[in-house]
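Residue strings, one per chain:
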Amino acid sequence: MSSRVPVRVTVNGQPHEVQVEPRLLLVHLLRDELGLTGTHVGCDTSNCGACTVHLDGEAVKSCTVLAVQADGAAVTTVEGLADGDTLHPLQEAFWDEHGLQCGYCTPGMIMAAADLLRRNPNPSEEEVRHGLEGNLCRCTGYHNIVRAVLAAAKGIEAGTWAPPPPAREGVEAAEELASESLGA
Ligand code: FES
Ligand code: FES
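Residues numbered from 1 in each chain as written. Chains lettered and ligands numbered in written order. Predicted model: local features only at pLDDT ≥ 70, side-chain atom pairs only at ≥ 80, totals over all residues. Heavy atoms only, no water.

Caption draft 1: How the structure looks around the overall build of the protein chain. Scanning the protein chain from terminus to terminus reveals six helices and five strands. Tracing the protein chain from N to C terminus, the helices and strands come up as β-β-α-β-β-β-α-α-α-α-α. Per-residue burial for the protein chain yields a buried fraction of 44% across its 184 residues. A total of about 9700 Å² of accessible surface is found on the protein chain, and carbon and sulfur atoms cover 50% of it. (Helix = DSSP H or I, 4+ residues; strand = E, 2+ residues; numbered from the N terminus. Buried < 20%, exposed > 50% of the residue type's maximum accessible area, 1.4 Å probe, protein only. Areas by Shrake-Rupley, 256 points an atom, 1.4 Å probe, with all protein chains shown as cover.)

Caption draft 2: Focus on the packing of helix H3 (residues 106-119) against helix H5 (residues 142-157). For the pair H3 and H5, the least separation of the axes is 11 Å and the interaxial angle reads 40°. Classified by the angle between their axes, H3 and H5 sit oblique to one another. With respect to the hand of their crossing, H3 and H5 are arranged in right-handed fashion. The segment H3 lies against H5, with Met 109, Ala 113, Leu 116 and Leu 117 engaging Tyr 142, Ile 145, Val 149, Ala 152, Ala 153 and Ile 156. Across the contact of H3 with H5, the residue classes break down as 10 nonpolar, no polar and no charged. (Axes fitted to C-alpha atoms, helices over the stretch in contact; angles between N-to-C directions. Parallel < 35°, antiparallel > 145°, perpendicular 65-115°, else oblique. Left-handed = near helix turned anticlockwise from the far one by under 90°. Contact = heavy atoms within 4.5 Å. Nonpolar A, V, L, I, M, F, W, Y, C, P; charged D, E, K, R; others polar.)

Caption draft 3: Layout of the nonpolar core. Core analysis: the largest hydrophobic core is formed by 25 residues, its most contacted members being Leu 90, Phe 94, Met 109, Leu 117, Leu 132, Ile 145 and Val 149. Looking at this core, the elements that each hand over two or more residues are helix H2 (89-96), H3 and H5. Setting aside anything within four residues of it in sequence, one finds Leu 132 in contact with Met 109, Ala 112, Ala 113, Ile 145 and Val 149. (Core = buried A, V, L, I, M, F, W, Y, C linked by side-chain atoms within 4.5 Å.)

Caption draft 4: Layout of the sheet that holds strand E3 (residues 52-55). With mixed pairing, the five strands of this open sheet are ordered in space as E2-E1-E5-E3-E4. With partners counted over all chains shown, the strands left at the sheet margins are strand E2 (14-20) and strand E4 (58-61), one partner each. Across the sheet, the mean angle separating the axes of adjacent strands is 40° when strand polarity is ignored. As defined by bridge partners, E3 adjoins strand E5 (residues 74-76) across two bridges and the pair is classed as antiparallel. Paired with Leu 55 across the two strands is Val 75, which belongs to E5. On the sheet, H3 packs against E3, E4 and E5 and is oriented at approximately 40° with respect to E3. (Pairing = 2+ DSSP bridges.)

Caption draft 5: Representation of the confidence of the model for the protein chain. Put simply, the protein chain has an average pLDDT of 91, and 88% of its residues get 70 or more. Looking at the elements of the protein chain, mean pLDDT is at its lowest for helix H6 (residues 167-183), recorded as 60, and at its highest for helix H1 (residues 26-33), recorded as 98. (pLDDT = per-residue confidence, 0-100.)

What follows is the structure, given as C-alpha cells:
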C-alpha cells in the first residue's frame, strides 16, 4: 500500500488540501485531482511546455515539479486567467491574431507569455521568440503566436491591462483570496 502525504496548495485563488502519493507530478494533481484539464501534457521529456503554469508567480513546467513541492504555494493555471466569461487580454490577443490552430500548446504558450510580459512588458520580437523557446507548437504557428504576444504587450503600454504581479505579491494576493474564501 502506497503512503500518501498531505499537500496544501492554493490554485487560482482557491485553497485545496489533498492527500497525494509522493511521486505525483504537479500536472497530474491539477488535471486528475482538481479537474483543471486546461493544463496539457504534450511530452514525457520536459520539452514541450504544454504543462506550463505559474508556481508562486513564476512559469514552471508542471510535469517537472512534484505535487509535494507545491505544498504551501500558489499556483495559477490557464483557467485562472479569464474573469468569468471575459477573456484575459492575452487570451484575447491570441484569438485576435489567430495565435492558435489545434490549441493544444495554447495554455502553456499563454502562461509562458504572461510570465515573459511580467518580466519584460515591452519585449522585442526577438525577445518574445527567445522567451517562448521552451514551448513547442506542433502546428508550427509560431509567427502568429509571437504577433499575439506583441499585440498584448501593446495593451500593457496603452495601460489597458497589467501583467501578473511579481511572485511574492502573487502569493500574498492568493493567500488573501484564500483566507477570504475560508472565512466566507
Ligand atoms: Fe511538460 Fe511537455 S508535458 S514539458
Ligand atoms: Fe496546435 Fe500549437 S496550435 S500545437
